[in-house]
Amino acid sequence: PRSAVPSLREGSERCQVGITAASKRTRAEGKDDEEGTTLTVHGVRVVSESDRSSSSAAPLVLLHGYANGALYFYRNLLGLAEDHFGTVYALDMLGWGLSSRPTFRTSEDTVESAEDFFVESLEAWREANKLEKITLGGHSMGGYVSVAYTEKYPERVEELILLSPAGVPNSKPDPKLRQNLPMSYRFMFTLAEQLWERGITPGSFLRSLPESRGRAMVQRYVEGRLPAITCPEEQSVLAEYLYTNSILPGSGEFSLNRLLNPMAYAKSPTVYRIPDLKVGKISFVYGQNDWMDPSGGMEVMRLVEERRKSGDKTVPNVEVYGVRNAGHLLMLENWEGFNAAVMAAVRGGGKIGAGAAKMRNDKDGENFFRRPKFGRRGGDNKVQQDVDTSVQSS
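Numbering of residues starts from 1 in every chain and runs along the sequence as written. In view of the model being predicted, local features appear only for residues whose pLDDT reaches at least 70, and side-chain atom pairs are presented and counted only at 80 or more, with totals across whole chains, interfaces and linings using the full set of residues. Hydrogens are left out, water is left out, and the side-chain values use all remaining heavy atoms of the structure.

> Is there a simple way to think about the overall build of the protein chain in this case?
Going along the chain from the N terminus, every DSSP run of H or I of four or more residues is numbered as a helix, and every run of E of two or more is numbered as a strand. Counting secondary structure elements, the protein chain contains 13 helices and 13 strands. By the burial criterion, 55% of the 394 residues in the protein chain qualify as buried. The contact criterion used throughout is that any non-hydrogen atoms of two residues lie within 4.5 Å. Pairs at least 24 residues apart make up 73% of the contacts formed inside the protein chain by residues separated by at least 6 positions. For the exposure calls, accessible area comes from a 1.4 Å probe over protein chains only, and a residue counts as buried if that area is under 20% of its type's maximum, exposed if over 50%, partly exposed in between.

Next up, the structure:
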């Protein structure tokens, strides 16, 4: 429900489900220039009453990934608010969740106009909520949008945290790798590419199914994709949230093939855009078993260091963190490690909490990250906690 935030405080150690009435919706209103209707950006705000939080910290604003929503951060909000930020917002981007779902229409058929659909609505929300500066964190597609927003409104971003962001590497999948896959997987990839190019989204496919079949499919997805969530009630709530989010009228989801190529490679890769951002610090956070290629973040760190060594003092400080025993949905798969990585990113230096590690160089990244293999279930991707003694948690 829009007034609920599942929180660790009210859930058991196993089942992270609890309802608190203290959370509030946030709203940004503007005029749709074609229809004259009011648009709403929905979000959840968590405000800490703890003296552990920093009164000077810019509030954290979290953007979800593709086909997700604000409450995908339900395991993280309370801890992040209490341990540092004081105030944390998780938003449904325009066209997703409980935000308005206008027809995805842009003035031009360009990457920039598709980005602006999300960038300008986020800026309208910030202005309506009178936030001078924010710490901006974006997961997956939300990470891509966060880069685009920071490009356009750098004066509004105190710090940028990219959580397994989509669209970083300037590359495409090696076709030779597909040749080595089983026939069933080659067929699956070919079909997915065809649907992608035609603009047939996962949401539109789900909406075409009978409700019972659609719900069963989402329930199986949650159980198979998120084995870290073992509480049946929590699984059920998450499946209900994901299914309901997907069957609402399509909107933001139709940006997919305007911004990205198949396999989440961007049409305008951010690997060369990020070093030019006018923000002091940028942190990447990836899951140890992430299918989103962590080498993108490592490459940005290398590019920035090369420019700094050549005398360019305008580049941001860039750091890369990893979350142990987690994949792409790292905020759900290992919420403690996720929060520890975010805290390390914003505090800079000092001991890193359990479940997270900082990558100091390429060797650290090679030793820490493990690319998932096709055919594995989520729980089979776990690797030993101390992968290499050179990757330290402090």
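> Honestly, the environment of Tyr74 in this entry has me stumped. Any pointers?
Its place among the elements puts Tyr74 in the loop between strand E5 (60-63) and helix H1 (77-85). Separated by 16 residues in sequence, Tyr74 and Ala90 place their C-alpha atoms 9.0 Å apart. The term polar contact refers here to a pair of N or O atoms within 3.5 Å; inside protein, the definition further demands a hydrogen-donor-capable atom paired with an acceptor-capable atom, and it admits residues adjacent in sequence only when both atoms are side-chain atoms. Within the structure, Tyr74 has its side chain in polar contact with the side chain of Glu234 (distance 2.5 Å).

> What exactly am I supposed to notice about helix H12 (residues 335-347) here?
In this analysis, the expected span of each helix is defined as 1.5 Å times one less than the number of residues it contains. In a regular helix each residue adds 1.5 Å, so 13 residues correspond to 18 Å; H12 covers 18 Å between its end C-alpha atoms and thus fits that length. Of all 13 residues that make up H12, 11 are buried, and the element is covered over most of its length. All buried positions along H12 are accounted for by Trp335, Gly337, Phe338, Asn339, Ala340, Ala341, Val342, Met343, Ala344, Ala345 and Val346. Of the residues one or two after H12, Gly348 is the one with positive phi, at around 65°.

> I keep staring at the confidence of the model for the protein chain and nothing clicks. Help me out?
Should pLDDT be low for a region, the predicted coordinates there are not to be read in detail. One confidence number per residue, pLDDT, is output by the predictor and ranges from 0 to 100. Taken as a whole, the protein chain shows an average pLDDT of 83; of its residues, 78% reach a score of 70 or greater. The low-confidence segment residues 1-13 (pLDDT under 50) makes 34 contacts with residues lying over four places distant or belonging to another chain. Predicted confidence for residues 29-34 stays below pLDDT 50, and this span has 12 contacts to residues more than four positions away or in other chains.

> What is the right way to look at the pattern of salt bridges in this model?
Here the idea is simple: oppositely charged side chains can pair when their charged atoms come close. For this document, the term salt bridge refers to a Lys or Arg side-chain nitrogen within 4 Å of an Asp or Glu carboxyl oxygen. This structure, assessed with the given rule, holds 21 salt bridges. For the salt bridge of Glu158 with Lys133, the shortest nitrogen-to-oxygen distance reads 3.8 Å. Residue Glu158 is located in strand E8 (residues 157-163), and its partner Lys133 is located in the loop between helix H2 (111-128) and strand E7 (134-139); the two are separated by 25 residues in the primary sequence. Here Lys133 falls in the partly exposed class, since its relative accessible area comes to 35%. Between Asp364 and Arg360 there is a salt bridge, with its nearest N and O atoms 3.0 Å apart. Here Asp364 falls in the buried class, since its relative accessible area comes to 2%.

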